[in-house]
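# Working through the structure, step by step
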Amino acid sequence: MLLLGGLVPALAQSPMALLVTASASSSEPLELSLADLDAMEQVTFRTTTIWTDGEVTFSGVPLASVLAGLDGASVEMVALNDYKVVMPMEAVQATAPIVATRMDGAPMSVRDKGPYWVVFPYDEGPEYQTETIYSYSIWQLNRLRVIE
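Residues numbered from 1 in each chain as written. Predicted model: local features only at pLDDT ≥ 70, side-chain atom pairs only at ≥ 80, totals over all residues. Heavy atoms only, no water.

## Topic: the overall build of the protein
Within the protein one finds 4 helices and 10 strands. Looking at the protein residue by residue over its 148 residues, the buried ones come to 45%. (Helix = DSSP H or I, 4+ residues; strand = E, 2+ residues; numbered from the N terminus. Buried < 20%, exposed > 50% of the residue type's maximum accessible area, 1.4 Å probe, protein only.)

Written out as structure tokens, the structure reads:
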């Protein structure tokens, strides 16, 4: 009985779902599947990263679109292993970063930094090549929480 009780929270969210909440909202959390994210506006770019070899093509949904309608000063991004990073909303632009759902056209496995990875177009300019921006580039993303 105790074992099952410990499994229920882990099963409550699909491993491929992205859970989106807002600290100032009383509404239910939004659980976005890969299909939900695929149905949203897509952005694709090719860039190098400090974590991969050579140029990689990333595609996914602008983080701004995922957070549309949620007000707050920052967004807390949490990975599958509960690693978290907080990014100010000023860093969220219309098309960057994206919540990448694919790398070189294929969905990303957990082993390959998936299911979702916050990615910037690093090669587009020095503003995307800073330690701060790199710190926001969280992989194995599964939760977003907009906070005051």
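## Thoughts on the pattern of salt bridges
A complete count under the given rule lists 5 salt bridges for this structure. For the salt bridge of Glu76 with Arg145, the shortest nitrogen-to-oxygen distance reads 3.2 Å. Remark: Arg145 occurs in strand 10 (residues 141–147) and Glu76 occurs in strand 5 (residues 74–79); sequence separation between them is 69 residues. Residues Arg143 and Asp82 are paired through a salt bridge, measuring 2.7 Å at the closest nitrogen-oxygen approach. Of this pair, Arg143 sits in strand 10 while Asp82 sits in the loop between strand 5 and strand 6 (84–88), placing them 61 residues apart in sequence. (Salt bridge = Lys/Arg side-chain N within 4 Å of Asp/Glu carboxyl O.)

## Here's the deal with the sheet that holds strand 1 (residues 18–22)
One open sheet accounts for 5 strands, arranged 2-1-10-5-6; its pairing is mixed. Among the strands making up the open sheet, the edge pair consists of strand 2 (30–32) and strand 6. For this sheet, the mean angle separating the axes of adjacent strands, direction not counted, is 20°. For strand 1 and strand 2, the ladder comprises 3 bridges, and the chain directions are antiparallel. Counterpart to Leu19 in the pairing with strand 2 is Glu31. (Pairing = 2+ DSSP bridges. Axes fitted to C-alpha atoms, helices over the stretch in contact; angles between N-to-C directions.)

## Here we look at the side chain of Thr101
Tracing the backbone through its elements, the reader meets Thr101 in strand 7 (residues 98–103). There is a polar contact of 3.3 Å between the side chain of Thr101 and the side chain of Arg102. Residue contacts for Thr101: discarding those within four places in its chain leaves Leu34, Leu37, Asp38, Gln42, Ser59, Gly60, Ala106, Pro107, Met108, Pro115 and Tyr116. (Polar contact = N/O pair within 3.5 Å; in protein donor to acceptor, adjacent residues only side chain to side chain. Contact = heavy atoms within 4.5 Å.)

## Quick notes on the side chain of Arg102
Assignment of secondary structure puts Arg102 in strand 7. Looking at Arg102, its side chain comes within polar contact range of the side chain of Asp38, at 2.8 Å. Leaving out residues up to four positions away in the same chain, Arg102 has contacts with Leu34, Asp38, Thr57, Phe58, Ser59, Pro107 and Met108.

## Observations concerning the nonpolar core
Ranked by size, the top nonpolar core spans 42 residues in total, and within it Leu18, Met77 and Leu144 carry the most contacts. For this core, the leading source of residues is strand 7, giving 4 residues. Sequence-distant contacts of Met77, that is, excluding residues within four places in its chain, are made with Leu63, Tyr83, Lys84, Val85, Met87, Val118, Tyr136, Ile138, Leu141, Arg143 and Leu144. (Core = buried A, V, L, I, M, F, W, Y, C linked by side-chain atoms within 4.5 Å.)

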